[in-house]
Amino acid sequence: MTKSGTTESFEVCFLPAGLHAVVPGGTPLRDAARLLGVEIESLCGGRASCGKCLVRVLESEAGEDGLHSQAAHVSELSDAERRARAAGRLGDQERFSCQACVEGELVIYVPEASRVGRPIVRKRAGERECALAPAIRKYFVEIELATVGESRGDWDRLQEELCVRFGLDRNLAVDPLALRTLAEALRGGRGRLTVTVWQGREAIRFEPGFSERVLGLAVDLGTTTLGALLCDLQSGQVVAQASAHNPQIRWGEDIMNRIASAKPPGQLAAMQQAVAEAIGELARDATLAIDAKPDDVVEVVVVANTVMHHILLGLDVHSLGVVPFSPTLSRSLDVKARDLGIPILPSANVHLLPIEAGFVGADNVAAMLAAAPHVSEELTLLIDIGTNGELVLGNRDRLLSASCPTGPALEGANIRFGMRAARGAIEKIRVDPATHEVRFRTIGVPRWSDRQPPEEIGARGLCGSAVLEAVAELVRAGLIDSTGRLYSELPCRRLRQGTDGMWEFVIAWAEQTVIGEDITLTQADVRAIQLAKAALYAGSRLLLERFGAEQPDRVVLAGAFGSVIDLERALAIGLFPDCGLDNVTAVGNAAGDGARMALLNVTSRQEAELLARRVEYLELSTARGFNDAFVAATQLPHAEDRFPSTETRWSPKAAAG
Ligand code: FES
């Protein structure tokens, strides 16, 4: 009913959706919007205390779409709105949609910040947008403190209020540990408190008074490193990041060693505890950076390969090391942080994305979520390069995946002067095709080595991308032939036999290093790169064959290595099939991005579940034709396949010409 007491109905248009509804006079704007499916934020449930439901009344003579819209067509300011306007929190044309009621024709603009499910700002080209729809929501509630004669308990009354005011289930569950804090929160807020609810199903936190901040953690749990993105679940923004080495490294560098190490009694539990504590440390570091605390983290999403996933859950990993590599669990799982020993809010849930097959785990599912080959008509080859190379080939019709035994060479391991990407690591290398002289750049130093005094360069070793660049540069300079052999007969002062008799090429002279000896690329290093790239290429080729395609339409490189390598040089040595350099992109840590998406949007979790079930896994070790494809791919760039995008600039002939 309007202030004039009539029950007349009026047309209201909501922008930018452009949706119209005819509603009875006296209907709150927020309810009118809801009728049309336009969801407006409402943290306080319409108590005029959160200010999240702000809308703008557009005023004009004719009005949009022929509507005569003006400020007078809305009910008078409520007391709360007057206070907000006096405090400068509510502009002249603005109203709280939970307070302002329809009293005439209206055109209402719902700003981006007030919309539920608003898109997240793209942070980088190639990053997939996702709507903001987290599993966590906060509700501000006010209930009477218990009085004499009240027979219901605090939780019963709160449950009732959450049902009536916010439409939550009358039988909403409550975490038993969280419940222990309810009485204190109620007393501390004198009946006003903020309730954190997970999936609309369970209350997991009670805070006295009004509390707005909601934080979640997206964790990429790798064999070697852990990365975490701390996200504000209200805005969708990443507010802090943290990373660390996986403490399980002391139980072995790769997956097979971890499986073997987990066998003796007590070891699996020790490994589980180590990684749970490491996730807790990431939460501590990230929250510290924004003046929050680990208890403020109310949900975690973890993506990991199958072995890391099982160890985090304390599941037996023995079966993952033997054919048919069957996991104990492949579907997604929600488990309480306290049950895993992760020191964040004990009642928080940890969501683990589903596993695909064999070693292809939730990290690959997350990478698919982020790179989204399944939503495109284009045939996409997604290559996630880590200690294992994981491949996905597909489009919206079909998805294939495979895991390649690339070995650690592409990460700089098992290379004589290889090292992780850290200060002092050479990351860029250029070899002059005419003089065979070398210049290089180390991580964190923008100047090339030929622009610095030798003693200031401080090189320590070669990171994976540098090893790959060195091979490409030496091929172009005519110092390595197509079989990968260093041309020992060429007159070149940098080409020599090492003390062990193996041929090597000097990248940095001892005076340019801090290790007091020359940094070289050995014949064995070249072989290691050939084997790694051959595994990736042969895997890609077999997936293409299985798909019935000659080439992909685009190649997406994911993983830390994929984001730092020089794409042209990588293609020049045949790391992936040639589909034109313009169609190759590096997307960085796609698995971490996928974890972030799953944290911010529950629909992404269902999408991940479908992807994991949909993708067809190809076991390369037993696939017919893999060995032949592998041998052909050990050549630089390949025994048969052509690479038109690079051969004019990257063949030894081109360099000589
Ligand atoms: S819903 Fe909180 S102020 Fe309107």
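The protein chain goes by 2Fe-2S ferredoxin-type domain-containing protein in an unreviewed UniProt entry, where it is assigned to Steroidobacter denitrificans.

Q: Hey, could you go over the packing of aromatic side chains for me, with residue numbers and the actual values?
A: Taken as a whole and judged by the stated rule, the model has 5 aromatic pairs. Judged by centre distance (4.6 Å) and plane angle (65°), the rings of Tyr-139 and Phe-166 are edge-to-face. With Tyr-139 in strand β6 (residues 136-142) and Phe-166 in helix α3 (residues 154-166), the pair connects residues that are 27 residues apart, well separated along the chain. On the basis of relative accessibility, which here comes to 8%, the residue Tyr-139 falls in the buried class. Sitting over the ring of Trp-448, Arg-439 keeps its end group 4.6 Å from the ring centre. The ring of Trp-448 has Arg-441 sitting right over it, with the charged end atom 5.3 Å from the ring centre.

Q: Talk me through the side chain of Arg-605; I want residue IDs and the actual numbers.
A: Here Arg-605 shows up in helix α17 (residues 602-614). Beyond its immediate sequence surroundings of up to four residues, Arg-605 is in contact with Ala-135, Gln-199, Glu-299, Val-301, His-351, Ala-598 and Leu-599.

Q: Give me the sheet that holds strand β25 (residues 554-558): which residues, what numbers.
A: Judged by pairing direction, the sheet is mixed, and its 6 strands sit side by side in the order β26-β25-β16-β17-β18-β27 without closing on themselves. For this open sheet the edge positions go to β26 (584-588) and β27 (616-617), each flanked by a neighbour on one side alone. Pairing geometry for strand β17 (residues 389-394) and strand β18 (residues 399-404), over 6 bridges, is antiparallel. By the bridge assignment, Gly-394 is partnered in β18 with Leu-399. Strand contacts of helix α10 (residues 362-371): β16 (380-385), β17, β18 and β25, with the helix running at about 45° to β17, the strand carrying the most contacts. Against the sheet, helix α13 (residues 523-547) makes contact with β16, β17 and β18, and its axis sits at roughly 25° relative to β17, the strand it touches most.

Q: Lay out the nonpolar core in plain terms, naming residues and giving numbers.
A: Leu-221, Val-350 and Leu-353 are the most contacted members of the largest nonpolar core, which has 85 residues in total. With 10 residues, the top contributor of residues to this core is helix α7 (residues 267-289). With near-sequence residues (within four places) excluded, Leu-353 lies in contact with Val-301, Val-302, Val-303, His-309, Ser-332, Ala-362, Ala-366, Leu-369, Ala-598 and Ala-608. Listed in part, the 78 residues of the second largest apolar core include Leu-474, Ala-534, Ala-535 and Ala-633.

Q: Give a detailed account of the confidence of the model for the protein chain, specifying residues and quantitative values.
A: Predicted confidence across the protein chain gives a mean pLDDT of 88, with 94% of residues reaching 70 or more. In the predicted structure, residues 119-126 sits below a pLDDT of 50 and forms 16 contacts with residues beyond four places in sequence or in another chain.

Q: Could you give an account of the sheet that holds strand β4 (residues 94-96), naming the residues involved and the relevant values?
A: Spatial strand order, β2-β1-β5-β3-β4: 5 strands in an open sheet with mixed pairing. Sheet topology places β2 (19-24) and β4 at the edges, where each strand pairs with a single neighbour. Averaged over all pairs of adjacent strands, the angle between their axes in this sheet comes to 35°, without regard to strand direction. Sheet topology note: the strand β3 (residues 54-58)/β4 ladder contains 3 bridges and is antiparallel. Paired with Leu-54 across the two strands is Phe-96, which belongs to β4.

Q: Can you lay out the pairing of strand β23 (residues 503-508) for me, pointing to particular residues and giving the numbers?
A: Burial runs high along β23: 5 of the 6 residues are buried. Taken together, the 3 bridges between strand β22 (residues 495-497) and β23 define a ladder with antiparallel strand orientation. Residue Gln-497 lies in a different strand from β23, and its bridge partner there is Trp-503. What sits between β22 and β23 in their antiparallel hairpin is a turn of 5 residues, with Gly-501 showing a positive phi close to 90°.

Cut-offs used in this document
- Within each chain, residue numbers correspond to sequence positions counted from 1 in written order.
- Where local features are concerned, this predicted model is filtered to residues with pLDDT of at least 70; where side-chain atom pairs are given and counted, the filter is 80 or more; whole-chain, interface and lining totals use all residues.
- Only hydrogens and water are removed before side-chain values are computed, so all heavy atoms of the structure are retained for them.
- Aromatic contacts are taken between Phe, Tyr and Trp rings whose centres are within 6.5 Å, Trp giving its six-membered ring; a plane angle under 30 degrees counts as stacked, one over 60 as edge-to-face, and the others as tilted.
- Secondary structure elements are defined from DSSP: runs of H or I of at least 4 residues count as helices, runs of E of at least 2 residues count as strands, and each element is numbered from the N terminus.
- Relative accessibility under 20% of the residue-type maximum defines a buried residue, over 50% an exposed one, and the middle range a partly exposed one, all with a 1.4 Å probe and only protein chains included.
- The criterion is that NZ of a Lys, or CZ of an Arg, lies within 6 Å of the ring centre and within 35 degrees of the ring normal, and then a charge sits over that ring.
- Contacts were defined at the residue level, with two residues in contact if any of their heavy atoms lie within 4.5 Å.
- Here the rule is simple: two strands pair whenever DSSP picks up at least two bridges between them.
- Geometry is summarised by axes, namely lines fitted to C-alpha atoms with helices restricted to the contacting stretch, and by angles between N-to-C directions that run from 0 to 180 degrees.
- Joining through side-chain atoms within 4.5 Å is the link that ties buried Ala, Val, Leu, Ile, Met, Phe, Trp, Tyr and Cys residues into a set, and such a set is a nonpolar core.
- One confidence number per residue, pLDDT, is output by the predictor and ranges from 0 to 100.

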